Amino acid sequence: MTPAGLLVMLFSVGTVTSLFSWCIYKVLTSPGESDKLHAVELHTPDMDQPD
Amino acid sequence: MAVAGSAVGLGNFLRFPGLAAQYGGGAFMMAYAISFLIIGLPIGWAEWAMGRYAGSLGYNSAPGAFACIVRSRWAKYAGIIGVIVPVIIYMYYVMIEAWCIGYAVNFWSGRMHFKDAAEAVGYFAGFVGAAGDATAMKFSADTALPWLLAVFVFNFYLIYRGLSRGIEKMCQFGMPLLIVLALLLLGRVMTLGAPDPARPHDSVINGLGYMWNPSKVQVVKATPGPTDKPREVVGAAAIAEAEKEVAASGGALKLVTVSPWSQLWNPSLWLAAAGQIFFSLSVGFGVIIVYASYMKPKDDVVLSGLTASSANEFCEVALGGLITIPAAVAFLGVAGIAGQAGVGLGFKVLPLVFSKMPAGAFFGGAFFFMLFLAAVTSSISMLQPGIAFVEEALGVGRRASVAILGMLTAFGAGMALFFTADLKALDTLDFWVGTFLIFVLATVQIIIFGWVWGIDRGFEEMHRGAAFQVPRVFRPIIQWLCPGFLLLVFALWLMRDVFGFDLATLKPGAVSSYVSDLFGAKSSLAAQLSVALVVAVSVFFGLLTARSRAYAKAERGLPKHD
C-alpha cells in the first residue's frame with residue numbers, strides 16, 4: 001500500500017464516519033427530531049385498509 | 001436505529017467491493033465520492049420531497065407523483081420507469097436473497113468448509129447453476145431452487161398478511177448485530193497477514209493497496225493483442241519481481257504506471273460509481289418516492305435522507321470496503337480477483353475467510369443470515385412501488401395488488417433461475433434495468449425537481465419540518481451539475497460501452513456484449529427473453545396507467561380523494 005493509498009483510505013473512512021456521527025448527534029440533540037425521522041419503513045398505511 | 005438499519009443492504013458488503021475491485025480502487029473511490037455529493041444526496045432529497053408532496057394529495061406511486069407535480073399527460077408514463085425498475089430488480093434480487101439464506105443454513109449445518117479458493121468458487125458455481133441453464137433447478141440444499149421457492153413464498157406471505165411489522169422489529173436488532181459481526185470480521189481480516197507463506201505477495205496490506213492506491217502499476221505486452229489485458233501488481237516486492245520479469249522479456253513486456261487521472265477518463269468507471277450510489281442509497285429506484293409519500297407534512301425529509309445515506313456510506317466504505325477486497329487478495333491474490341465483479345466476489349471469497357477462522361461455521365452462518373435479513377427488507381421495499389401502483393391504477397385493494405405482483409414477479413424470478421448459464425439473465429436484467437433504466441429515472445427525476453417543479457418550490461417543500469438548511473451550493477448542483485453530469489456520463493457510456501466508439505478517435509468499434517447478445521450471430525436466447533420481459537412489463541404498466549382514473553385526476557393537480 002502506498003502512502004497515497006493510505007491517505008485515500010483514511011480520508012474516505014474518516015469522512016463517512018464523521019458524517020454519520022454528525023447525523024446521530026443532530027438527531028439526538030434536536031428536540032422531537034427522532035419522531036420526525038423516517039426511513040423506508042415496511043409497514044405502510046395501505047396494509048391497514050380493508051380490501 | 002431504524003433509519004440506519006434500513007440503509008444496510010447487500011450492496012454494501014457484496015456489490016460495492018466487487019465494483020471497486022473491477023474498476024481499480026482509488027480512482028473508483030474518487031468517482032464514487034463525487035457521485036455521492038453531486039447525484040446521491042441531491043436526488044435522494046428530491047425524491048423524499050416529491051414523494052411527501054404527492055402523498056399529501058393522496059398519490060403513492062411514481063406515475064401519480066410525476067403526474068401531480070408536472071401536470072402533463074406524458075409525466076405519468078415517465079413515472080412508469082419508477083415502477084419497472086424496482087419490480088424487475090426484485091425478480092433477480094430475490095435470487096441473491098435465496099443465495100444468502102442457502103449459504104447461512106449450509107454454514108450452520110456444517111456443509112460449507114472450504115480448503116482453498118477453487119473449492120469455494122466451484123461450490124458457488126454449482127449453487128447458482130453458472131455451469132449451464134437449468135442446472136440450479138434441483139431440490140438439493142446445495143442448489144438455489146429450494147431456497148428461492150422458500151424465500152419467494154416467505155416474502156409474499158409477509159406482505160400479503162401484512163406481517164412486515166414483525167420483520168421490521170427483527171431488523172431493528174438484526175441490523176446492529178450485522179454491523180457488530182462486520183466489525184468482528186474486519187478485525188479477523190486485518191489480522192490475516194499473508195495466510196500462505198509460499199505466496200507472501202498475497203497479503204492484507206497488498207489487498208488494501210489494491211483497493212485504495214490511486215495509481216496502478218501494470219505489466220502489459222509491448223504489442224498487445226485484442227484479448228490481452230494488463231496484469232496489475234501491488235506492493236514493493238511484487239513490483240520489483242515484475243521489473244525483473246520485464247527486463248528478462250527482451251522488450252515483449254513493459255511496466256506502466258496508470259495515474260488516477262487517466263483511469264478517471266473511463267466513462268464506465270463513472271457509470272459504475274454512479275450506479276453503485278443509486279443501488280446502495282436506493283435513489284433512482286422509485287422506492288424512496290413511494291415511502292416518502294406516506295410521511296406526515298412536517299416530518300424531516302432532509303435529515304431523514306442524510307442519516308439514511310450516511311449510515312449506508314459508513315457500512316459500505318468503512319466496513320464493506322475494508323473486508324472483502326483485502327480478504328480476497330490475501331486468499332486469491334491480485335491476479336485471482338482481477339476482472340471479478342458484482343456479488344459473486346462476496347459469495348466466493350467470504351466463505352473461504354469463514355472457513356479459515358475459529359468458529360467459522362457459526363460466524364459464516366450468522367453473517368449470511370444477517371445479509372438475508374437485510375435483503376428481505378430491501379426486497380419487500382422493492383415490491384411496494386409495484387403494489388402501490390397497481391392499487392392506484394386499477395383502484396383495487398392491497399391483496400389483489402399483491403396477487404398480481406406475485407404472479408408477475410414469479411414469472412421473472414423463474415426465468416432468472418432457469419437461465420443461469422454464466423448468470424446471463426441476471427446479468428442482462430442488471431445491466432438494462434439495474435444500470436441503464438436507473439440512470440434514466442434519476443435524470444428524469446432531478447430535471448423534474450430542479451426545472452419543472454422549480455428549484456425554489458422544491459427547496460421550500462424540502463425544508464418543511466427540516467432540522468437544518470441544506471447548503472445553498474446544492475441549488476446549482478441540483479439544477480446544473482447533477483443533470484449535466486448524468487447526461488454527460490450517460491452519453492459517453494452509450495458511445496463507448498454500448499456502441500463501441502473509441503472516444504479518443506471517435507471511430508466505431510465492436511458493440512457491447514449486452515447489445516450483441518440481443519442481435520446477430522452471437523445473440524443469446526436468455527438475454528433476448530430477459531429484455532422481452534422488460535418490454536412486456538413496460539407495456540402492461542403503460543396500459544394500466546393509460547386507463548387509470550386516479551392519474552387523470554393527478555394530471556390536473558387534483559387530490560386523489562375529493
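Below is a summary of the structure that appears in this document. Quantities reported herein were computed from a predicted structural model and do not represent experimental measurements.

## Some details on the nonpolar core
Here is step 1: Counting residues in each nonpolar core, the largest one holds 219 residues, and the members touching the most others are B:Phe28, B:Trp99, B:Phe278 and B:Phe368.
Here is step 2: Membership of the second largest hydrophobic core comes to 5 residues, among which are B:Val217, B:Val219, B:Ala242 and B:Val246.

## Thoughts on the pattern of salt bridges
Residues and elements named next belong to chain B.
Here is step 1: Under the counting rule described, the total for this entry stands at 12 salt bridges over all chains.
Here is step 2: Residue Arg199 is joined to Asp202 by a salt bridge in which the shortest nitrogen-to-oxygen separation is 2.8 Å.
Here is step 3: Three or more residues joined by partner-sharing salt bridges are found here, namely Arg52, Glu460, Glu461 and Arg464.

## Side note on the interface of chain A and chain B
Here is step 1: Each partner contributes residues to the interface: chain A has 32 residues there, and chain B has 49 residues.
Here is step 2: Together chain A and chain B conceal approximately 3,600 Å² of surface at their shared face, both sides included; 72% is due to carbon and sulfur atoms.
Here is step 3: Linking chain A to chain B there are 0 salt bridges.
Here is step 4: Run the count over chain A and chain B and you get 1 residue pair in polar contact (both at pLDDT 80 or more).
Here is step 5: Within the residue set of the side of chain A that touches chain B, elements represented by two or more residues are α1 (3-29) and α2 (33-36) of chain A.
Here is step 6: Its residues assigned to classes, the side of chain A that touches chain B comprises 17 nonpolar, 8 polar and 7 charged.

## Overview of the pairing of strand β1 (residues 216-221) of chain B
As a general feature of sheets, a regular strand has side chains that alternate between the two faces.
Residues and elements named next belong to chain B.
Here is step 1: β1 sits mainly inside the fold: 5 of its 6 residues count as buried.
Here is step 2: Of the pairings in the sheet, the one linking β1 to strand β3 (residues 253-258) comprises 6 bridges and is antiparallel in character. Opposite Val217, over in β3, you have Thr257 as the bridge partner.

## What to know about the environment of B:Lys76
Residue and element names in this part refer to chain B.
Here is step 1: Considering the arrangement of structural elements, one finds Lys76 in helix α5 (residues 73-79).
Here is step 2: Exposure remark for Lys76: the relative accessible area of 4% places this residue in the buried category.
Here is step 3: Each C-alpha atom of the pair Lys76 and Arg475 lies 26 Å from the other, and the pair is 399 residues apart in sequence.
Here is step 4: Filtering out sequence-adjacent residues up to four positions away, Lys76 remains in contact with Pro63, Ala67, Thr545, Tyr551 and Glu555.
Here is step 5: In this structure the side chain of Lys76 is engaged in a polar contact, spanning 2.6 Å, whose partner is the side chain of Glu555.

Thresholds, definitions, all that
Residues numbered from 1 in each chain as written. Chains lettered and ligands numbered in written order. Predicted model: local features only at pLDDT ≥ 70, side-chain atom pairs only at ≥ 80, totals over all residues. Heavy atoms only, no water. Core = buried A, V, L, I, M, F, W, Y, C linked by side-chain atoms within 4.5 Å. Buried < 20%, exposed > 50% of the residue type's maximum accessible area, 1.4 Å probe, protein only. Salt bridge = Lys/Arg side-chain N within 4 Å of Asp/Glu carboxyl O. Contact = heavy atoms within 4.5 Å. Buried area = accessible area lost by both parts, 1.4 Å probe. Polar contact = N/O pair within 3.5 Å; in protein donor to acceptor, adjacent residues only side chain to side chain. Helix = DSSP H or I, 4+ residues; strand = E, 2+ residues; numbered from the N terminus. Nonpolar A, V, L, I, M, F, W, Y, C, P; charged D, E, K, R; others polar. Pairing = 2+ DSSP bridges.

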